[in-house]
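Next come the chains, spelled out residue by residue.
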Amino acid sequence: MYFCIIMNANLQGEPHRPGRIEVVCGSMFSGKTEELIRRMKRAKFAKQKVEIFKPSIDTRYSDVNVVSHDQTAIPSTPIETSSTILLLSSDIDVVGIDEAQFLDNGLVDVCNELANRGVRVIVAGLDMDFKGVPFGPMPALCAIADDVTKVHAICVKCGSLAYISHRLVQNDKRVLLGEKMEYEPLCRDCYQKSLTEERKENGE
């Protein structure tokens, strides 16, 4: 029976899902962008009109493409503010937004308006910053979303599910673009142990 359900889903392809907000959140290296790209590509295969946006400050892999850590890429439109999304989303079936934590809080109203127009909105972003504080518009987006998918990286210390993106460099700026040289995924327990070790090293 389960096999038949899966087969039917594959044969039907990606259905048009009007008027919904889907959020993919988690720590760094958890596969958020990869999942966003996967959903957007399925929508394109289903002949839906799609558009993907990302904050213009995110230039780690590409100025214009959304790129996952495993180098999977999809063309995107860099934006400075969330209001730009409304201007560029006319006659679009599916809107994707990557690294949403870097955008302004107006993104919440933008996503709501798009969903109310009948647009499927897929948002990916960090749910917490390196200190474990809810990040940007992500908490509010999770609250209003029709569906929230929390993905997990693997803790580099013990192999458990990661809880947070631990910053490895001395910098208190909330927004600091980086990869494996700057961040590591840690579970809650290993994160607390790392904080204790750092306090001892700093003589606190």
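To keep things clear, this report deals only with the structure shown in the data block. Chains are numbered independently. Their residues run from 1 in the order of the written sequence. Per-residue local features are limited, in this predicted model, to residues with pLDDT of at least 70; the limit for side-chain atom pairs, both in listing and counting, is 80 or more; totals at the level of whole chains, interfaces and linings are taken over all residues. Neither water nor hydrogens contribute to the side-chain values; these are computed over all heavy atoms in the structure.

### Details of the pairing of strand β10 (residues 183-186)
So, point 1. Only protein chains enter the accessibility calculation, which uses a 1.4 Å probe. A residue is then buried if its area is under 20% of the maximum for its type, exposed if over 50%, and partly exposed in between. Helix numbers and strand numbers start at the N terminus; a helix is a DSSP run of H or I with at least 4 residues, a strand a run of E with at least 2. Both faces of β10 are covered, namely the face carrying Tyr183 and Pro185 and the face carrying Glu184 and Leu186.
So, point 2. A pair of strands is treated as paired once DSSP finds two or more bridges between them. Where strand β9 (residues 164-167) lies against β10, 4 bridges are found, and the strand directions are antiparallel. If you follow isoleucine 164 over to β10, its bridge partner there is leucine 186.

### Overview of the sheet that holds strand β7 (residues 120-126)
So, point 1. If you trace the 6 strands from one edge of the open sheet to the other, you get β5-β2-β6-β7-β1-β8, paired in parallel fashion. Edge positions in the sheet fall to β5 (77-79) and β8 (147-151), since each of these pairs with one other strand and no more. Strand-to-strand twist of the sheet, defined as the mean angle between neighbouring strand axes without regard to direction, takes the value 20 degrees.
So, point 2. With 7 bridges joining them, strand β1 (residues 20-26) and β7 adopt parallel strand pairing. Within β7, the residue paired with valine 24 across the bridge is alanine 124.
So, point 3. Strands in contact with helix α2 (residues 32-45) are β1, β2 (50-55), β6 (94-97), β7 and β8; relative to β7, the strand with the most contacts, it is inclined by about 165 degrees. Simply put, an axis is a line fit to the C-alpha atoms, just over the touching stretch for a helix, and the angle between two N-to-C directions goes from 0 to 180 degrees. Two residues form a contact once any of their heavy atoms are found within 4.5 Å.

### Side note on the layout of surface pockets
So, point 1. Roughly 470 Å³ of internal volume is contained in the largest pocket.
So, point 2. In this structure, the largest pocket is lined by 18 residues; those nearest its centre are His166, Arg167, Gln170, Leu195 and Glu198.
So, point 3. Those elements that place two or more of their residues in the lining of the largest pocket are β9 and α6 (188-201).
So, point 4. Per element, the largest residue contribution to the lining of the largest pocket is 6 residues, and it comes from α6.
So, point 5. Gly is placed with the polar residues, together with every amino acid not listed as nonpolar (Ala, Val, Leu, Ile, Met, Phe, Trp, Tyr, Cys and Pro) or charged (Asp, Glu, Lys and Arg). Of the residues contributing to the lining of the largest pocket, the split by class is 5 nonpolar, 5 polar and 8 charged. In this analysis the probe radius is 1.4 Å and the grid spacing 1 Å, with only protein atoms considered; a cavity is a set of points the probe fits into but cannot get out of, a pocket is an open set with protein on both sides within 12 Å along at least five of seven lines, and lining residues have an atom within 4 Å of a point. Grid points are joined across faces, edges and corners, and a volume is the space filled by probe spheres set on the points.

### Structural notes on helix α4 (residues 107-116)
So, point 1. All buried positions along α4 are accounted for by Leu107, Val108, Val110, Cys111, Leu114 and Ala115. With its buried residues spanning 165 degrees around the axis, α4 presents them on a single face. Exposed residues on α4 whose side chains face more than 90 degrees from its buried face are Asp109 and Asn116. Here the arc refers to the set of directions running from the helix axis out to each C-beta atom.

### Things to note about the packing of aromatic side chains
So, point 1. Each pair of aromatic rings taken from Phe, Tyr and Trp, with Trp reduced to its six-membered ring, is defined by centres within 6.5 Å and is described as stacked if the planes are under 30 degrees apart, edge-to-face if over 60, and tilted in the remaining cases. Counted according to the given criterion, the structure contains 2 aromatic pairs.
So, point 2. Centre to centre, the rings of phenylalanine 102 and phenylalanine 135 are 6.0 Å apart; their planes meet at 85 degrees, and the pair counts as edge-to-face. With phenylalanine 102 in the loop between β6 and α4 and phenylalanine 135 in the loop between β7 and α5 (138-144), this residue pair connects regions lying 33 residues apart in the sequence. Here phenylalanine 102 and phenylalanine 135 have matching classes, each one buried.
So, point 3. Between the aromatic rings of tyrosine 163 and tyrosine 191, the centroid separation amounts to 6.5 Å while the plane-to-plane angle is 50 degrees, which identifies the pairing as tilted. Of the two residues, tyrosine 163 is situated in the loop between β8 and β9 and tyrosine 191 in helix α6; the sequence distance between them amounts to 28 residues.

### Here we look at unusual backbone geometry
So, point 1. One non-glycine residue, phenylalanine 29, adopts positive backbone phi at about 65 degrees.
So, point 2. Topologically, phenylalanine 29 is positioned in the loop between β1 and α2.
So, point 3. Phenylalanine 29 gets classed as buried once you look at its relative accessible area, which sits at 19%.
So, point 4. Of note, the phi angle at glutamate 99 is positive, near 50 degrees, even though the residue is not glycine.

### Observations concerning the side chain of serine 30
So, point 1. Structurally, the position occupied by serine 30 is in the loop between β1 and α2.
So, point 2. Within 3.5 Å is the distance limit for a polar contact, defined as a pair of N or O atoms, with the added protein rule that one can donate a hydrogen and the other accept it, and that residues adjacent in sequence qualify only through two side-chain atoms. In this structure the side chain of serine 30 is engaged in a polar contact, spanning 2.6 Å, whose partner is the backbone oxygen of serine 27.
So, point 3. Contacts of serine 30, omitting those with residues within four sequence positions, involve Val151, His152 and Ala153.

### Here we look at the environment of leucine 126
So, point 1. Along the chain, leucine 126 falls in strand β7.
So, point 2. For the pair formed by leucine 126 and phenylalanine 102, sequence separation is 24 residues and the distance between their alpha carbons is 9.0 Å.
So, point 3. Those residues in contact with leucine 126 that sit more than four places away from it in its chain are Gly26, Ser27, Met28, Lys32, Gln101, Phe135, Met138 and Ser165.

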